[in-house]
Every structure is written in structure tokens, then in C-alpha cells.
Amino acid sequence: MRWAATLGLAIGLLPAVAAASAPCPAWRERQAMGCTRGYLRVDPAAFVLSAGHIGGAVGGSAGAFRAFDGFALSFGLRAAYEMVDRHANGFDRTFHASPELRLGAVNRRAFGYMLFRGGYTHRFDAGRARLDFGGPAHAYHYGAGVGIWGRVGRRFLLGAEGVVDMVQFEGKGVAETLFLSLTLGTWL
């Protein structure tokens, strides 16, 4: 009788085991960018243009990537630090932290996407009098842009992004900022 209960249990569980999705295969050189993959990326060099002033930024993010038959999306968390030269007013030093969403097309080697992000911004004291947005401030930002990631070899990620961020300071107006960045990273 005990064997009948075991056989019944095995027959009942067989469809559940068969329906379970197969794990993602290990990375191979010619493998399509499919399954759910994690990523780590850095922006070691970014050009920043804010209200006619030029600066630079560094940053990075971590997240998850998923591809479905030519369409892909990724969701991650980003942190960035920028410095913009305000000439007589000194440098603006700003920290950004935000979630980001990328939606786009994917093939075996590349992911072209639209980027949407928004989150917290903090501008540090410049050390000199500021005429446009005052001294240190808390703000929020939201932005949209485009970009491309490519897979080089098995795991290396190389790409570029262009994003326009709108930074809303508390009661002091909006600062538009253009970011053009180089992206380096790895697929996990």
C-alpha cells in the first residue's frame, strides 16, 4: 500500500517538475542575450552640460536584465557624482541616487534602449556665493534618454548613453542637465 501512495505522489508531482523552467545556461561566446541576468556597470567618464556650463561625472549601477524574443528590459539602481564648473561661482558638486528602467530591442550582441530614471539629488555647498540656485540643496530629478550596450566576449559590457535630467530644487526652479557617458560593465 505504501508503494501506491508513493506512486500517486510521484505522478502528481511529475507535471510540476516538467513545468519548472530550465535554469539559464552558463555564458558562452555566441549565446543570445536571453534569460534573466544581473549586471554591474560603471560610467568612468561622463560629459555633463548644465545651463551652458561644462562638467564631468562618474557613476555606476547594478540591476537585472531580461530578454524576450527581440525585446528586453532592465531595472537597476544608480548612483552618480557630478562636478560642473560655474566659473566665478566655483564648482557645483552634486550626488544623484535613483532607480532606472531601460526598455528596448535586443539581439545576440547588443541592446539598444530608451532609459527612464528619477530619484534623489543633493547639491553640496560650493564654498562661494551662488546666484542661480542658492547653496546646498535637496532636490529630486527625473530624466529620459537613449543608449546601447554591447556584449564583448563572454561577459564584458561596453556601451554609451545620452540622458537629459531635469533636477527640481526645492522652490528654486529646474536645472536641465545633459549627460553623455561611456559605460563599462560585466554580466553576472
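Presented here is an overview of the structure given in this document.

Re unusual backbone geometry
- If you check the backbone angles, D69 has positive phi at about 45 degrees while not being a glycine.
- Residue position: D69 is located in the loop between strand 2 (53-68) and strand 3 (71-85).
- For D69, a relative accessible area of 85% corresponds to the exposed category.

Brief notes about empty space enclosed by the protein
- Overall, the coordinates contain two cavities of 30 Å³ or more when judged by the stated rule.
- The space that makes up the second largest cavity amounts to roughly 80 Å³.
- For the second largest cavity, the lining is made up of 13 residues, of which D43, A46, R78, F179 and S181 are closest to its centre.
- Going through the elements one at a time, strand 1 (36-50), strand 2, strand 3, strand 7 (156-169) and strand 8 (173-187) are the ones with two or more residues in the lining of the second largest cavity.
- Residue classes in the lining of the second largest cavity are distributed as six nonpolar, three polar and four charged.

Here's the deal with the pairing of strand 7
- Where strand 6 (residues 137-152) meets strand 7, 14 bridges bridge the pair, whose relative direction is antiparallel. Its bridge partner being in strand 7, W149 is matched across the sheet by G159.
- Here strand 6 hands over to strand 7 after three residues, with G153 in that stretch at a positive phi of 70 degrees.
- Bridge count between strand 7 and strand 8: 14 bridges; the pairing is antiparallel. Within the sheet, the bridge partner assigned to D165 lies in strand 8 and is T177.
- Linking strand 7 to strand 8, which pair antiparallel, is a turn of three residues; within it G171 sits at a positive phi near 65 degrees.

Rules of the game
- Residues numbered from 1 in each chain as written.
- Predicted model: local features only at pLDDT ≥ 70, side-chain atom pairs only at ≥ 80, totals over all residues.
- Heavy atoms only, no water.
- Helix = DSSP H or I, 4+ residues; strand = E, 2+ residues; numbered from the N terminus.
- Buried < 20%, exposed > 50% of the residue type's maximum accessible area, 1.4 Å probe, protein only.
- 1 Å grid on protein atoms, 1.4 Å probe; cavity = no way out; pocket = protein on both sides within 12 Å on 5 of 7 lines; lining within 4 Å.
- Points joined across faces, edges and corners; volume = space filled by probe spheres on them.
- Nonpolar A, V, L, I, M, F, W, Y, C, P; charged D, E, K, R; others polar.
- Pairing = 2+ DSSP bridges.

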